[in-house]
Amino acid sequence: MAGLRLKDIFGGRTGDGRGVEGEIRRVVLGVTCVDYRLVRSRRRSIGMQIDFAGLTVRAPRWVSLREIDATLAARGGWILRSLDEWRARRRDVLPREWKTGASILYRGRELALALVTAPKREIAVDLLNLTVLHPAAEDGPQVAAFVTRWLREEAERLVLPRVAEYAARVTPALPIVKLSNGRSEWGSCDQKGVIRLNWRLIQLPPELALYIVAHEVAHLIELNHSARFWSLVERLFPQSTAARRALDDWTALLEA
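A brief report on the enclosed structure follows. Values in this document were obtained by computation on a predicted structure and should not be read as measured data. (Residues numbered from 1 in each chain as written. Predicted model: local features only at pLDDT ≥ 70, side-chain atom pairs only at ≥ 80, totals over all residues. Heavy atoms only, no water.)

Topic: the nonpolar core
Point 1. Core analysis: the biggest nonpolar cluster contains 52 residues, and Val132, Leu197 and Leu204 have the highest contact counts within it.
Point 2. If sequence neighbours within four positions are ignored, valine 132 has contacts with Leu113, Ala114, Leu115, Val116, Glu122, Ile123, Val143, Phe146 and Val147.
Point 3. The next biggest cluster of nonpolar side chains, apart from the first, holds 16 residues, and it includes Val27, Leu38, Ile50 and Trp86. (Core = buried A, V, L, I, M, F, W, Y, C linked by side-chain atoms within 4.5 Å. Buried < 20%, exposed > 50% of the residue type's maximum accessible area, 1.4 Å probe, protein only. Contact = heavy atoms within 4.5 Å.)

Some details on the packing of helix H6 (residues 206-218) against helix H7 (residues 227-236)
Point 1. At a minimum axis separation of 9 Å, H6 and H7 run at an interaxial angle of 135°. The angle between H6 and H7 places the two elements in the oblique class. Both H6 and H7 take part in a crossing whose hand is right-handed. Packed against H6, whose contacting residues are Tyr211, Ala214, His215, Val217 and Ala218, the element H7 presents Phe229, Trp230, Leu232, Val233 and Leu236 at the interface. (Axes fitted to C-alpha atoms, helices over the stretch in contact; angles between N-to-C directions. Helix = DSSP H or I, 4+ residues; strand = E, 2+ residues; numbered from the N terminus. Parallel < 35°, antiparallel > 145°, perpendicular 65-115°, else oblique. Left-handed = near helix turned anticlockwise from the far one by under 90°.)

What about unusual backbone geometry?
Most peptide bonds take the trans configuration, and most residues that are not glycine carry a negative phi.
Point 1. Backbone geometry at arginine 107 places phi at a positive 55°, although glycine is not the residue there.
Point 2. Here arginine 107 lies in the loop between strand E6 (103-106) and strand E7 (109-117).
Point 3. Backbone geometry places glutamine 239, a non-glycine residue, at a positive phi of 65°.
Point 4. Inspection of the secondary structure assignment puts glutamine 239 in the loop between H7 and helix H8 (240-246).

Some words on the sheet that holds strand E5 (residues 54-60)
Point 1. One open sheet holds the four strands; their spatial order is E2-E3-E5-E4, and the pairing between them is mixed. Every other strand in the sheet has two partners, leaving strand E2 (23-29) and strand E4 (47-51) as the edge strands with one partner each. Pairs of neighbouring strands in the sheet enclose a mean axial angle of 35°, with direction left out of account.
Point 2. Relative to E5, E4 runs antiparallel, the two being bridged by five bridges. Counterpart to aspartate 51 in the pairing with E5 is glycine 54. (Pairing = 2+ DSSP bridges.)

Structure (structure tokens):
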């Protein structure tokens, strides 16, 4: 199976830190306390990685904690800058509190949630607000379920049909397309030609969602990330390199 995953953009480990190996430690860098995950491995040197989960340090078993902390202190400036950059990228997929005024992403725009108690269930979007009419507008879980279902339906309505448009340019066969709820990839394409697209594409700017569609359609022909694959992606979606870079600022959506 091939697809557009976090590691295709950033490289290395992905995840939110739950259920992974290692121990949590703390180091003081300048005047800032930084928690990090220490993983002992068979590598020959100390390695550092920063992603959505924070700082992970991998070190040989024979290296002392004092030496590890000294290495982190020497790279303190880079570590703090990188952590700040990742925090700036964070975007919540859905509101932490389902109340009027909370922020919610829709097609690349950060809208204000407006909850209105009404006998019917309906959602309307304008330039500033995502207005939700619901009989139990004060019930967070009910509103959350309703809005999440609506977002998935919007992805089916606005994103999935574009697969057929792009596929028609490279193959006479119409691929099977499904929505996914993955936490590590925007989309995937397997050997049977089944394309799965993350429902969170509806929260990306439309042009980035289309880039991901083109990326997965290209895998119908090239189930790899070879030079021929990237050439096909560029043919389907000109300026794909710029779109791929732009995804950096949105990838945290997958792990939020």
